Amino acid sequence: MIAAVVPAAGKSERMGQPKLLLKLDGQTLLARVVSALRAGGVRRVIVVTPPAEKPESAALAAAAEQAGAEIIVPPTQPAEMRTSVELAIERLARDLPPRHIVLTPADSPGITADLVARLLEAADCFRTHIVVPSCGARRGHPVVLPWPAVVQVSALPQGMGVNALLHRLKDQVLELHVSSSEIAGDIDTPEDLSCWKNTLGAGARYTVRLFALAKERAGRSEIEIELPPAARVGDLRAVLGVRVPALGALMQSALIAVDEEYAGDDVPLSPGSRIAVIPPVSGGAGIHLFERTATPLEYSP
Amino acid sequence: MIELTSLPIDHAAVTERVRSERAGAVCTFLGTVRELTSLRHTLYLDYEAYPEMAKKKMAELEEEARRRWPLIELAMVHRLGHLDLGEVSVVVAVSCPHRHDAFDACRWLIDTLKEVVPIWKKETWADGTEEWVHPGLGPA
């Protein structure tokens, strides 16, 4: 079982209002994160709200519950994020502990179901590792921790945050490389929010045509898919494999065509790109000829 | 001449199209539906294409073949849809001044067509099972 812990008890001093109730794309920031975690494969999402006497506590709890989360309402204001995380860990330890927990701040609008699913897939392959999304030198959220690492949080010296655990267990940390748009920036100021609104606006829906075995496995000849801004063919390949599990194995070997050309994983997509999934073509032993390349095909005799 | 068709191919007419007084050699290749693969019996085949891309890739093949060999005329026709045993699935016909070039160009065209043109075939075997023929992937 996979559980997620979302500390949401923080004050939003720089926003001037409870930021987690701000809406982006019609959904509160808190509900977005909970929904992405659940859709990405997390069974149990625990949200730690501010204590009941805080005015925003009830609304946050309602938003989180509606999105499918369990709520912990702490008796007093948690001193720091780590305190909220420890409350959730105590709750989880009372039942059969989860194999991994996914840890993320609630103000991370870049977190998508696809990102969560890919992190969990990596965690499933490398079960003793801590999996962190990264792009270049930047690390992002969420972080996936195996339970034996989770229980070490309470042993950290007073005043140290959960990040100290990542430093302490740095040999166990596995970075999963993701596109820069998926490295979720936190939202701390009204400017951050409007910046995110612009970024999300630039994301796009694509229609992908499926042929032969891909069409048969997916049970349809076309699929609509939403990708983050500045998406490339590699993003599409990963998202398709997760969104349509029947295509998962095939997406390793299938080629992608963009505008009727075989396209490598680094080829950028733009709205209006004509995209198709090309399972290996029938005929000879031609498969060895295929490689994913951004340059035009050279024919060899 | 490049064509995708769901109708039976008149291969004699395709050959006739590439004949020329400038050519001393015409080479035509026919791909036909074979009954036996190892010990398995085929009932029929279904071909499917990504038509826009298939035509574009076939046009690129023509361009490349013309760059390599002194082709006078060239025709590539691929059948799509349901094909019974013995039917013609693909025709490649070329004409050249001399036979060696005609043989080489024709062979290169059919080999490369099968490798890069997005056309797939589904086998329906005599035992009723179906299989997309995708080298490297194993049975569907």
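What counts as what
- Residues numbered from 1 in each chain as written.
- Chains lettered and ligands numbered in written order.
- Predicted model: local features only at pLDDT ≥ 70, side-chain atom pairs only at ≥ 80, totals over all residues.
- Heavy atoms only, no water.
- Helix = DSSP H or I, 4+ residues; strand = E, 2+ residues; numbered from the N terminus.
- Buried < 20%, exposed > 50% of the residue type's maximum accessible area, 1.4 Å probe, protein only.
- Contact = heavy atoms within 4.5 Å.
- Areas by Shrake-Rupley, 256 points an atom, 1.4 Å probe, with all protein chains shown as cover.
- pLDDT = per-residue confidence, 0-100.
- Axes fitted to C-alpha atoms, helices over the stretch in contact; angles between N-to-C directions.
- Parallel < 35°, antiparallel > 145°, perpendicular 65-115°, else oblique.
- Nonpolar A, V, L, I, M, F, W, Y, C, P; charged D, E, K, R; others polar.
- Core = buried A, V, L, I, M, F, W, Y, C linked by side-chain atoms within 4.5 Å.
- Expected span 1.5 Å × (residues − 1).
- Left-handed = near helix turned anticlockwise from the far one by under 90°.
- Phe/Tyr/Trp six-rings, centres within 6.5 Å; stacked < 30°, edge-to-face > 60°.
- Pairing = 2+ DSSP bridges.

Engineer: How should the overall build of chain A be read in this particular structure?
Structural biologist: Summing up its helical and strand segments, chain A has ten helices and 15 strands in all. Per-residue burial over chain A gives 51% buried out of 301 residues. Long-range contacts, defined here as pairs at least 24 residues apart, represent 67% of the contacts in chain A between residues at least 6 apart. For chain A, the accessible area works out to roughly 13,800 Å², and carbon and sulfur atoms hold 52% of it.

Engineer: Honestly, the confidence of the model for chain A in this entry has me stumped. Any pointers?
Structural biologist: Caution is warranted with low-pLDDT regions, since their predicted coordinates should not be read in detail. When pLDDT is averaged along chain A, the result is 82, and 83% of the positions lie at 70 or above. Segment residues 284-294 of chain A: pLDDT under 50, and 26 contacts once partners within four positions in sequence are set aside and those in other chains are kept.

Engineer: What should I look at first to understand the packing of helix α4 (residues 113-125) of chain A against helix α9 (residues 233-243) of chain A in this one?
Structural biologist: Each pair of packed helices can be summarised by the angle the axes make with each other and by the distance between the axes. Residues and elements named next belong to chain A. The geometry of α4 relative to α9 is characterised by a closest axis approach of 10 Å and an angle of 85° between their N-to-C directions. It follows that α4 is roughly perpendicular to α9 by the angle criterion. Across the interface between the two elements, D114, A117, R118 and E121 of α4 pack against A238, V239, V242 and R243 of α9. Among the residues making up the contact of α4 with α9, the classes are represented as four nonpolar, no polar and four charged.

Engineer: Teacher, can you tell me more about the nonpolar core here?
Structural biologist: Nonpolar side chains in soluble globular proteins tend to be buried together. All names here are of chain A. Residues V208, L236, L240, L247, V277 and I278 are the most contacted members of the largest nonpolar core, which totals 38 residues. Going through the elements one at a time, β11 (204-210), α8 (212-218), β12 (222-227), α9, α10 (250-253), β13 (255-258), β14 (261-263) and β15 (275-278) are the ones with two or more residues in this core. Contacts of L240, omitting those with residues within four sequence positions, involve V208, I223, I225, L247, M251 and V277. Counting residues in hydrophobic clusters, the runner-up holds 34 residues, among them A4, I111, L115 and A122.

Engineer: What's the story with helix α2 (residues 51-68) of chain B in this structure? I'm lost.
Structural biologist: For an α-helix, the turn length of 3.6 residues means that residues three or four places apart are oriented alike. In this model, α2(B) (18 residues) spans 26 Å end to end at C-alpha, consistent with the 26 Å of a helix rising 1.5 Å per residue. All of the buried residues along α2(B) are B:M53, B:A54, B:K57, B:M58, B:L61, B:E62, B:E64 and B:A65.

Engineer: Would you explain the packing of α2(B) against helix α3 (residues 99-116) of chain B in this entry?
Structural biologist: Residues and elements named next belong to chain B. Here α2 crosses α3 at 150°, and the two axes come no closer than 11 Å. The orientation of α2 relative to α3 falls into the category roughly antiparallel. α3 is crossed by α2, and the crossing has right-handed handedness. Every residue of α3 that contacts α2 at K57, M58, L61, E64, A65 and R68 is listed here: W108, L109, T112, L113 and V116. Looking at side-chain class alone, the contact of α2 with α3 contains seven nonpolar, one polar and three charged residues.

Engineer: So what exactly am I meant to see when it comes to the packing of aromatic side chains here?
Structural biologist: Geometrically, a pair of aromatic rings is defined through the distance of the ring centres and the angle of the planes. Per the stated rule, a full pass over the model turns up three aromatic pairs over all chains. Ring geometry for A:F211 and B:Y50: centres 4.7 Å apart, planes at 25°, overall stacked. On the criterion of chain membership, the pair formed by A:F211 in the loop between β11 and α8 and B:Y50 in the loop between β4 (40-49) and α2 is interchain, its members lying in two chains. No difference in accessibility class separates A:F211 from B:Y50, as the two residues are buried. Relative to B:W120, the ring of A:F211 lies with its centre 5.4 Å away and its plane at 10°, an arrangement referred to as stacked. Note that A:F211 is positioned in the loop between β11 and α8 and B:W120 in strand β8 (residues 119-125), a pairing that runs across two chains. Using a relative accessible area of 5% as the deciding quantity, one classes A:F211 as buried. A relative accessible area of 0% places B:W120 in the buried class.

Engineer: Sorry if this is basic, but what is going on with the sheet that holds β14(A) here?
Structural biologist: Note on sheets: strands pair through backbone hydrogen bonds, and any given pair is parallel or antiparallel. The five strands lie next to each other as β12-β11-β15-β13-β14 (chain A), forming an open sheet whose pairing is mixed. A strand with exactly one partner marks an edge of an open sheet, and here the two such strands are β12 and β14 of chain A. For this sheet, the mean inter-axis angle between neighbouring strands, taken without regard to orientation, is 35°. In this sheet, β12(A) lies alongside β11(A) in antiparallel orientation, the contact comprising six bridges. Considered in β12(A), the bridge of A:V208 is made with A:I223. Across the sheet, α9(A) lies against β11, β12, β13, β14 and β15 of chain A, angled at about 115° from β12(A), the strand it touches most. Along the sheet, α2(B) makes contact with β11, β13, β14 and β15 of chain A, crossing β14(A) at roughly 100°.

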